[in-house]
Amino acid sequence: MIGTVLVANRGEIAVRVVRTCQELGIRSVVAHSSADRESAAAKLADDAIQIGPGPAKESYLNIPAVIEAARAKGADAIHPGYGFLSENPDFAEVCEAEGITFIGPPAGVMERLGDKSTARAMMAEAGLPLLPGSREPLAGVAEAAALADEIGYPVIIKAVAGGGGRGMAVVRSAGEFAEAWARTRASAQAVFGDGRLYVERYLDSARHVEIQVLADTHGGVVHLGARDCSLQRRHQKLVEESPAPRLSPDVVAAMGEAAVQGARAAGYVGAGTFEFLVDTDGRFYFMEVNCRLQVEHPVTELVTGLDLVAEQIRVAAGEPLGYTAVEQRGVAIECRINAEDPARDFAPAAGRLAECELPAGPFTRVDTHAYRGYRIPPLYDSLLAKLIVWAPDRDAAIARMRRALAEVRLSGPGIATTTEFLAEVLDHERFRNATHDTRFIETVLPARRATA
């Protein structure tokens, strides 16, 4: 079994990993930047080590610094959380070369699936359905525009190396294509260091549904049901739930089978997520694979009773899964509370928390690194807390979440959060009757406010 885990991340996911390590009897060490010296994770862990100054490039993304921290603290494994180095195949390869267990998929698998064009080609060969579009990166704007004309507008331009909701643009007419192509290519090159793009058909009314998979080193692969992540703003998820509502059991079963099939074809190991678009007729199409733990993993944990971080660690230690199917019970919903101001187009709202009171009560979970007096640094992601509830059915889960959101008290000079905005989303009839889609935040909610 693993003896010491270096947690190479920050925020609520670092706290989350530390807590599971404590329950498994594993020593935990948090690698932190100078800006996170007083973080909840650093205080909670058995040990902590500073790996650089505040900027992520000089700390959390600094591979030599992270590896040196693991050596200095005697860590035999590294958990990368999500974001930062979690999907960096070079980092996984360096860990392997240094004899450190990387808690995630093998570097080669991560490299193939991280390249979206390679992943699409691999999944098409494995039999997963794809939207019409290019299987390989496109050579230039002329070839891409010709393909867009062929498959029909609207289309979406995507960066091969994209992720986190970045590196994509929806194009609705041929006249807009060239400018959108140039803009997306420049952005992809700047953000990811890779300007390669591909094009696929864009579904105006679709749901974003994903399948959580677990795979061990002994050939065992299992899916843990579906999560609906359709409530997004600029491709960033805001509310997630499991199971995905208003999807027939046959569709969910087919998606789960497709995800398992894809994971086997890729030689996947660890926790991963297969993301799909589902159209209004219930047809689903493969989008991509996330080779890491997802932010929304708690909703799957609450409906399955599994600790996904513990499962990651056990698989990384070489243990078999020990099961071939997992039952889901009840409904779980997660709301992401961000330090952003919805009244100012969701501008970041960093500052010191003078007040920090978070919900409690039956079947109510809060994953956070916030505490009273904590200074939210402006250097990182704005996620402040994840509020997750469970109930026997969806109506009861929504009621519980509304009650829990009303208990949130996060304030201080310069501080604003998305709490009230999330309550407004949950109150909308389209969410209540589960007829929302990926464009709900951008179209339906503004229209309702204008009418009001």
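Residues numbered from 1 in each chain as written. Predicted model: local features only at pLDDT ≥ 70, side-chain atom pairs only at ≥ 80, totals over all residues. Heavy atoms only, no water.

1. Some words on the pairing of strand 10 (residues 221-233)
In step 1: Most of strand 10 sits inside the fold, with twelve of its 13 residues counted as buried.
In step 2: Relative to strand 10, strand 9 (residues 207-215) runs antiparallel, the two being bridged by six bridges. Each residue of the ladder has a partner; that of Val-213, found in strand 10, is His-223.
In step 3: Linking two consecutive strands that pair antiparallel, namely strand 9 and strand 10, is a turn of five residues; a positive phi of about 95° is found at Gly-219 within it.
In step 4: Both strand 10 and strand 11 (residues 236-242) contribute to a ladder of four bridges, which runs antiparallel. (Buried < 20%, exposed > 50% of the residue type's maximum accessible area, 1.4 Å probe, protein only. Helix = DSSP H or I, 4+ residues; strand = E, 2+ residues; numbered from the N terminus. Pairing = 2+ DSSP bridges.)

2. Observations concerning the domain arrangement of the protein
Interface size is commonly expressed as the accessible area that is lost once the parts come together.
In step 1: Splitting the protein by domain gives domain 1 (4-103), domain 2 (132-201) and domain 3 (207-451).
In step 2: If you average the C-alpha positions of domain 1 and of domain 2, the two centres end up 35 Å apart. (Domains from an automatic or database assignment.)

3. Some thoughts on the pattern of salt bridges
In step 1: Per the stated rule, a full pass over the model turns up 36 salt bridges.
In step 2: Here Glu-68 ties to Arg-71 by a salt bridge, and the two come within 2.9 Å at their closest N and O atoms. Of the two residues, Glu-68 and Arg-71 both sit in helix 3 (residues 63-72), three residues apart, roughly one turn of that helix.
In step 3: Its relative accessible area of 42% is what places Glu-68 among the partly exposed residues.
In step 4: Of the residues examined, Arg-71 reaches a relative accessible area of 46% and is grouped as partly exposed.
In step 5: In this structure, Asp-345 and Arg-234 form a salt bridge, with 3.2 Å as the shortest nitrogen-oxygen distance. (Salt bridge = Lys/Arg side-chain N within 4 Å of Asp/Glu carboxyl O.)

4. Structural notes on the nonpolar core
In step 1: In terms of nonpolar packing, the biggest core is built from 57 residues, with Leu-6, Ile-78, Phe-91, Leu-113, Met-255, Phe-274 and Phe-276 touching the most fellow members.
In step 2: Within the second largest apolar cluster, 36 residues are counted, among which are Leu-231, Met-401, Ala-423 and Phe-440. (Core = buried A, V, L, I, M, F, W, Y, C linked by side-chain atoms within 4.5 Å.)

5. A look at a negative patch on the surface
In step 1: On the surface, a cluster of negative charge is contributed by Asp-90, Glu-93, Glu-96 and Glu-111.
In step 2: Considering every element that reaches the negative patch, the biggest residue donor is helix 4 (residues 89-97), with three residues.
In step 3: Tracing the chain through its elements places Glu-96 in helix 4. (Patch = residues over 30% accessible without salt bridge, like charges linked within 9 Å, V, L, I, M, F, W, Y side chains within 5 Å. Areas by Shrake-Rupley, 256 points an atom, 1.4 Å probe, with all protein chains shown as cover. Lys, Arg positive; Asp, Glu negative; His and termini not counted. Charge placed at Lys NZ, Arg CZ, Asp CG, Glu CD.)

6. Thoughts on the sheet that holds strand 11
In step 1: Taking strand neighbours across the sheet as the criterion, the eight strands line up as 13-12-9-10-11-14-21-19 in an open arrangement whose pairing is antiparallel. The open sheet has two edge strands with one neighbour each: strand 13 (284-290) and strand 19 (364-368). Across the sheet, the mean angle from the axis of one strand to that of its neighbour is 25°, orientation sign disregarded. (Axes fitted to C-alpha atoms, helices over the stretch in contact; angles between N-to-C directions.)

7. Here we look at the state of the cysteines
In step 1: Scanning all chains against the criterion turns up zero disulfides.
In step 2: A disulfide-free cysteine, Cys-95 has its sulfur positioned 15 Å from the sulfur of Cys-21, the nearest such atom.
In step 3: No disulfide involves Cys-335; its sulfur sits 12 Å from the nearest other cysteine sulfur, which is in Cys-229.
In step 4: A relative accessible area of 0% means that Cys-335 is categorised as buried. (Disulfide = S-S within 2.5 Å.)

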